[in-house]
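Coordinate inspection notes
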Amino acid sequence: MHSIRSNNHCSFNLYNDNNQILKYSCFCGKAFNLTELYYCNGCQQINCRYCITEEIDFHYCPNCIENLNSAEASVNGNKCKKCFECPVCFNTLTYSVIGSKDVNTVTSPPTAGVTSPTTTAATPTTGETYFLNCGFCKWNSLDLKDEFKFDMPSLKAKKESSIQQLQVNKSIEALNKEAAELTSLKDKKTINRIKLAQAMKHFLGPQSKHQKHNQRKNFNKVEDRWESTSMAHPVPHNHLVPTPPPGQTLLSEAAIAQRVQPITMTEADQMQQQRIDAREFETLDPLGDTVKYDDDITPFLRDQVTECDQVSSLDQRFKNIAHSSLSTSSIHPQRKHLITKRSKRCKRCDKLLVKSEISLTKTEFKRQHFAFTYVPRVQITRVLWIDNDIFEVFLQFTNPLHIPLFINFPMSIKGSFISTDDNSQPIDLCEHETYINGILDETDDLEKESIIQTLKQNENPRYIIDRKDNKLTMKFIGKVGIEEEQIAPKDNNNNEEITNLTIIHLTESLANLSTSTEIPKFNSQFKDIKFTITLEFSTSSLSTAPSTSSSTTTADKQQKTLLKLLFDIPSNKFENTLQQ
Amino acid sequence: MDKSSVVLEIGGCFTKCGFSPESTPRFILPTNLLPLSISTYLSSGTVYDNTNNINDKKPTLPTQNQLKESLYDFIHSLYFEYLLVKSDERKLIIVENLYLPRLFRQCLVSVLFEQFKVPLIVFVNPLACLVPILKNTALIIDCGYSESRVYPVYEGIGVVKAFETISLGFQILENQLHYKLLKDSATIIKDNKKNQMIIDPDNNLALLSKYIGDSDGSNSDNNKRFKETSILSDIIVKTCLCTINNNSNTNTNNNVIYKLDKDYSIEISSQIRNKLVDRLYRNEMEQENESIDQQRVDTFEEGNLVTMILDSLLKCEHDQRKALAHNILLIGGTTMIPGFKRKLVYQLTRTLDQDDQYVSLKPLAKHFNFIQHPFQANYLSWLGGSLLGNVLDQVHSKISIESYLQQRTQYPSRAVQLPEIENLANINNYTQIISSGINPLQFTRSAQSLFSPYTSSSDFSAYLPLKSSTSSNE
């Protein structure tokens, strides 16, 4: 599989160019900066943000840090009960008392347990009323007068009686009836009958006996429910249909006894005319001054506005969708929206990666498997050209753990050594397993100690530059251009072939160029040098016999993690790029 | 008891989301699919970078992976930052544009099912906006961000042949404002600290382009452009009016100061305030007259908002026209610019007077009227979806996670068949309907259903597979 460099997501990585240089590939092939990744202990792999599932643990208010479970939160519409947001600048509002001479500012909201201002504001017995005040833009709720009240029930009641809600209720009722009807109508026959009844509605009186009782009921409901708009209202009287005497229906015996008059030509003409009249719509004068549209330009907008801040912006309108207002002076404060604490799980094995403490005052985590604290951190300490299109990279590996980490550069892996967009590849790197000391460097494990000792003896000074505390500096040599056979075919992602890395040992003189004082300058073919280094790491030794170079097959497969480091180094970061 | 469903309408500029059957969406937030900026793609399926030169205007269609990643981020933020509910517990109702690109739908559905494990997705088309106002006849005019559309619906049946679209919308207004501010040297910048006007054309231009981007917008990435357009749209929202060209009105001076940041303000002239919206009603003459420079930043649409509406009415049957004209329903955020209704009627009447092309529509001149309703135009189709959430059993265009996964495992390489608006054969309980002896087409037509005005059109019988037509004959 080819790894792809993905855009970092966190804003602190987004605008820092240095955080784009080195990316760690997730198991799924997307590569991000190390700080955005997680490390799953269960499957010993890196998880990117597309490879985790999240769930909401609980909701809380970012201002008063009050904890709510999801049921409580949804009752309150995911809003805090106490805290308000400024309608103009969205800052948190503070409560102040009206009446006392020096306006007593109460930090919002008062601590739980003390009588909350939400109740005191509603009860006039205390004699004190609170108003809301914005410390940032100096907005306060006094200008709104009685329109605005603190307590939740009053807002709710207001909403239910609004015109919108009434219309919505009406529509819901109509819809429910329609749905019930559609489910109850089992056969085509009934539908046809109702259809016929609708077509005949002008001729049949409401008491017609041609319909069964229950169908008639249904039909009448349909009648009332729809505001028929393609027909003019009221439907004009058709004098060809005899008006039944009061108290009688059209098809009652008495009405039939009256007999219908034979139709004459003039009457036929009249009938025609009436049919036309029935389609006649009232003419309007849509542009006249008498016609008012609900979105007409008010004098306020036309003449009185001198500064744009007097008109509310879209953000301000969207905060209170039901009661939005065009003018900033009459918008209402809204309750603060809650935020959540979430736990994250590995998508592959469902193990918890991140879980926060339930207590909101604690900032640490119950469980935190960030890749930053599990995966060797890599820094580029030096990068330079040593010949045309051949470069040398010095990498410093830092072990974040307390125990030593063993690392190895595999010579053959499933999948590809090359990532998408790569224009270079490493050609000369350490083939032997090596180790990085832990932070404390106190190993009780004798077995590990002995392995480390043997590794240390076999260490090649050509690649291992420096070893200090929990840091290890290594040298790699890479070249621009990619050997074709190293690229795994892209199309068969499912059955990945094993690809091998070819190692070319350069001559000592070339490899030691970096130590010389005078470094010649070289041209760079590309603006950015992109290449991939693949490594394995584990807390226990990767191979029981460190002398054998190809350790991939013998090592304990459960324990090691394959990690791809995707480099993207701008050529001007090289020490000796010829400036053009 | 079922938990209330989530209703989502992804628009070109703003996404509305909330819970069914509430009367207003909980949130209206920018459709942020960064790093992609695909609002045009969302409405018509093509992507043109408007800010670039004509010569290198090339359609850049997003790939499936790009779409999925952006959609994942966006939907993730919807569920975890705004709605704050578990995605696998609630059904989802999507109010979608009729002409939504297929690729986008596929990606959206795949992200929702595979990443968020939504139990059921219901597709509702924007004509659902008729549901909350309980009408079944309307001329729906949808003025969105990058496109405007007309859908006539007569007695619950969509007049498909008369559906019209035009690439005019809020985006055009933004481009126009951008052009006007940069090209008109008359733009006045005020220094807030010294409280004085800066009169220096060259300096002004550089200053201004810092805030609203320079003329070709080439050296700004998507993130920055997002900010620049938001300043432009804020200016339009706060200052622009739809005034009618009466002589008395044009003389009034209602210039407005717009504060860019704490250092600088600009003065928006009454010329811009009153005339900017005229761009939507520009006729061909004006289009030809404008400078090459301006044509560069323009899209080339034919006609304007009024001709689109009149064209659509022309295609309707004679009997339908007057009823439709009496029931104009405006939806979409662009129609909320103050004075829009009066301006629209004025322009309609004027065009009927002047343009010979529409002579057969002339009697309609005094018959334009709007449907009165207490809601706001920008979320009306969302509201329709929200109300339909109450009667999900009757809505047939839906797909559940089980059937999705089943299709996925059976034919892993094939795109999953989604309920298409124009094809009822895909509805999930199709067999059930057939066995009960009701042809789905007739079913919707006879019962005068509002669940899918579009599908109930007789025009679509030709598109139905043979299977269904034979079964209805039996």
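This one's a predicted model, so the numbers in the text were calculated from it and none came from an experiment. Numbering of residues starts from 1 in each chain and follows the order in which that chain's sequence is written. Going through the entries in the order they are written, you letter the chains from A and number the ligands from 1. Whole-chain, interface and lining totals are the exception, using all residues; otherwise, since this is a predicted model, local features are given only for residues with pLDDT of at least 70 and side-chain atom pairs are given and counted only at 80 or more. The basis for every side-chain value is the complete set of non-hydrogen atoms in the structure, without hydrogens or water.

All names here are of chain B. A fitted line through C-alpha atoms represents every axis, and for helices the fit uses only the stretch in contact; the resulting angles, taken between N-to-C directions, go from 0 to 180 degrees. The secondary structure listing takes helices from DSSP runs of H or I that are at least 4 residues long and strands from runs of E that are at least 2 residues long, numbered from the N terminus. Their axes nearest at 11 Å, the elements helix α3 (residues 102-115) and helix α16 (residues 401-410) cross at an angle of 105°. Taken as axis vectors, α3 and α16 run roughly perpendicular relative to one another. On α16, the residues touching V109, S110, F113 and E114 of α3 are I401, Y404 and R408. Oblique is the label for any angle not under 35 degrees, not over 145, and not in the 65 to 115 range, which are roughly parallel, roughly antiparallel and roughly perpendicular in turn. For this analysis, residues touch if any pair of their heavy atoms sits within 4.5 Å.

When you line up the elements, Q167 of chain A lands in helix α5 (residues 163-184). Of the polar contacts made by the side chain of Q167 of chain A, one reaches the backbone oxygen of P132 of chain B; its length is 2.8 Å. N or O atoms closer than or at 3.5 Å make up a polar contact, with two conditions inside protein: a donor-capable atom paired with an acceptor-capable one, and, for residues adjacent in sequence, both atoms drawn from side chains.

This next bit is on the interface of chain A and chain B. Listed by partner, the interface residues are 80 residues for chain A and 91 residues for chain B. For the pair chain A and chain B, the summed buried area comes to about 7,500 Å², and 58% of that belongs to carbon and sulfur atoms. By definition, a salt bridge exists where a carboxyl oxygen of Asp or Glu is found within 4 Å of a side-chain nitrogen of Lys or Arg. Here R49 of chain A and D73 of chain B are joined by a salt bridge, their closest N and O atoms 2.7 Å apart. At the junction of chain A and chain B, the tally comes to twelve residue pairs in polar contact (both at pLDDT 80 or more). When contributions to the side of chain A that touches chain B are tallied by element, the ones reaching two or more residues are β6 (52-60), α5, α6 (188-199), α7 (213-225), α10 (299-304), α11 (314-319) and β13 (339-346) of chain A. With 15 residues, α5 of chain A is the largest single contributor of residues to the side of chain A that touches chain B. Computed with a 1.4 Å rolling probe, the buried area is the accessible surface lost when two parts are put together, summed over both parts.

Moving on, we come to the state of the cysteines. Residues and elements named next belong to chain A. We call a pair of cysteine sulfur atoms a disulfide when they lie within 2.5 Å. Tallied over the full model, the rule gives zero disulfides over all chains. A disulfide-free cysteine, C64 has its sulfur positioned 3.6 Å from the sulfur of C80, the nearest such atom. Burial classification: accessible surface area is computed with a 1.4 Å probe over protein chains only, and a residue below 20% of its type maximum counts as buried, one above 50% as exposed, and the rest as partly exposed. For C64, a relative accessible area of 18% translates into the label buried. Summary of cysteine pairing: C83 is not part of a disulfide, and the nearest cysteine sulfur, belonging to C64, is at 3.6 Å. Residue classification places C83 among the buried positions, given a relative accessible area of 0%.

Right, let's get into the domain arrangement of chain B. Residue and element names in this part refer to chain B. When the domains of chain B are assigned, the result is domain 1 (6-131 + 377-473), domain 2 (136-168 + 302-366) and domain 3 (170-296). Here domain 1 meets domain 2 over a buried area of about 1,900 Å², counting both sides, of which 69% is carbon and sulfur. Taken together, domain 1 and domain 2 are joined by zero salt bridges. Counting across the interface, domain 1 meets domain 2 through one residue pair in polar contact (both at pLDDT 80 or more). Looking at the side of domain 1 that touches domain 2, the elements with two or more residues in it are α1 (39-44) and α15 (380-388). The element contributing the most residues to the side of domain 1 that touches domain 2 is α1, with four residues. The nonpolar class holds Ala, Val, Leu, Ile, Met, Phe, Trp, Tyr, Cys and Pro. Asp, Glu, Lys and Arg form the charged class, and all remaining residues, Gly among them, are polar. Grouping the amino acids of the side of domain 1 that touches domain 2 by side-chain chemistry returns twelve nonpolar, twelve polar and two charged. For the domain bounds, the source is a domain assignment made automatically or taken from a database.

A separate point is the sheet that holds strand β3 (residues 27-30) of chain B. Each strand in a sheet pairs with its neighbour through backbone hydrogen bonds, running either in the same direction (parallel) or in the opposite one (antiparallel). Residues and elements named next belong to chain B. For two strands to pair, DSSP has to find at least two bridges joining them. An order of β3-β2-β1-β4-β5-β15 is seen for the six strands of this open sheet, with the pairing classed as mixed. Since the sheet does not close on itself, it has two edges, and those belong to β3 and β15 (398-400), each with one partner. Pairs of neighbouring strands in the sheet enclose a mean axial angle of 20°, with direction left out of account. Judged from the three bridges that link them, strand β5 (residues 120-124) and β15 form a sheet pairing that is antiparallel. Its bridge partner being in β15, V122 is matched across the sheet by K398. Packing against the sheet, helix α2 (residues 64-83) makes contact with β1 (6-10), β2 (14-19), β3 and β4 (92-95), and its axis sits at approximately 140° to β3.

This paragraph deals with the confidence of the model for chain A. All names here are of chain A. The predicted model of chain A has a mean per-residue pLDDT of 73, with 67% of residues at 70 or higher. Element-level mean pLDDT values for chain A span from 39 in helix α3 (residues 117-122) up to 90 in strand β4 (residues 38-40). This model gives residues 100-127 a pLDDT under 50, and the stretch forms 35 contacts once residues within four places in sequence are excluded. Contacts of residues 219-223 to residues separated by more than four positions or lying in other chains number nine contacts, the stretch itself having pLDDT below 50. pLDDT measures how confident the predictor is about each residue, on a scale from 0 to 100.

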